[in-house]
Amino acid sequence: MADTILFSEMTPDSGWEDQFNDWYDQEHIPIRMAAPGFTGAQRYRREDRNYLAVYDMTSPEALKTPEYAEIKGNPSDLTARMLGDVSGFSRYIGEEISRSVNHGGEAWIEAPLLYPVFFNVPEDRLADFDDWYDHDHVPALMGCPDWLAVRRFALIDSHPLTFNRLALHYLGDASALESDARAVARSTEWRARLASETWFKGHYLVFDRHGSRFNAA
């Protein structure tokens, strides 16, 4: 699997949502899947028509190739119109720093729900935060069978909000968010200590998987 992601959201108007989806599936993602360094992509959707695409890449250098520069610099007329008319745009680039998988295997790739969690952690608190997440928080979450995987990223680009950590939680069912395992994960002494600090404010989203996974050409 790739170790860098591009996390990008946008929201089309309801009047041309079908055309937006056709464009995204038939042009926007496929042209990127042909570019060097792009290995896969999965789309997601929220009830408010906010669409997310998570692109997997071999490294951040995938966004600096001549081929990607051509894609960005010379969009088709349809692409230019679509990108000019959407709202709710976000763009986060992250390098993977840890991965935990429940049950083994790669069933998490097909997870029906994605639960992204963003944090902006002070530099002098990153070591403790990362240690807590990987060795206290995630192991407790894995007590729920539907908590399929957690991929954690150090964000190197963050727009429009400022974050430096992102965790992508892959869920088999929405009930995982109300599970005993999550209650345990949120009630440890380590978490309580971190949560008492003023910066500890997570940004939480939930998306349903939308369509099939795309793979590199």
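Just above, that's the structure.
Residues numbered from 1 in each chain as written. Predicted model: local features only at pLDDT ≥ 70, side-chain atom pairs only at ≥ 80, totals over all residues. Heavy atoms only, no water.

K.L.:
An account of the pairing of strand β6 (residues 147-159) is needed here, citing residue identities and associated values.
P.N.:
A regular strand places its side chains so that they alternate between the two faces of the sheet. Bridge count for strand β4 (residues 87-101) against β6 is 10 bridges, and the pairing is antiparallel. The partner of R99 across the bridge, within β6, is R151. Following β6, the chain reverses through five residues before pairing antiparallel with strand β7 (residues 165-171). (Pairing = 2+ DSSP bridges. Helix = DSSP H or I, 4+ residues; strand = E, 2+ residues; numbered from the N terminus.)

K.L.:
Go over the pattern of salt bridges with me, naming the residues and quoting the values.
P.N.:
Enumeration over the complete set of coordinates arrives at 16 salt bridges. Salt-bridge contacts for R152 lead to D134; the nearest nitrogen and oxygen are separated by 3.1 Å. Of this pair, R152 sits in strand β6 while D134 sits in helix α4 (residues 126-141), and the two are 18 residues apart along the sequence. Salt bridges sharing common partners tie together D56, E96, R99, R151 and R213. (Salt bridge = Lys/Arg side-chain N within 4 Å of Asp/Glu carboxyl O.)

K.L.:
Now, about the packing of aromatic side chains: what can you tell me, with residues and values included?
P.N.:
Two aromatic rings, taken as a pair, are described by how far apart their centres are and by the angle between their planes. Evaluation of the coordinates by the stated rule reveals 23 aromatic pairs. Between F20 and Y51, the ring centres sit 5.4 Å apart and the planes meet at 50 degrees, which makes this aromatic pair tilted. Here Y51 lies in strand β3 (residues 51-57) and F20 lies in helix α1 (residues 17-33), a separation of 31 residues in the sequence. As far as burial versus exposure is concerned, F20 and Y51 are alike and both buried. Centre to centre, the rings of F129 and Y133 are 5.6 Å apart; their planes meet at 55 degrees, and the pair counts as tilted. Of the two residues, F129 and Y133 both sit in helix α4, four residues apart, roughly one turn of that helix. Like Y133, F129 is buried. Grouped by ring-pair contacts, the aromatic residues F119, F129, W132, Y133, W199 and F200 constitute a single cluster. Of note, R43 hangs over the ring of Y24, and the distance from its end group to the ring centre comes to 4.5 Å. (Phe/Tyr/Trp six-rings, centres within 6.5 Å; stacked < 30°, edge-to-face > 60°. Buried < 20%, exposed > 50% of the residue type's maximum accessible area, 1.4 Å probe, protein only. Lys NZ or Arg CZ within 6 Å of the ring centre and 35° of its normal.)

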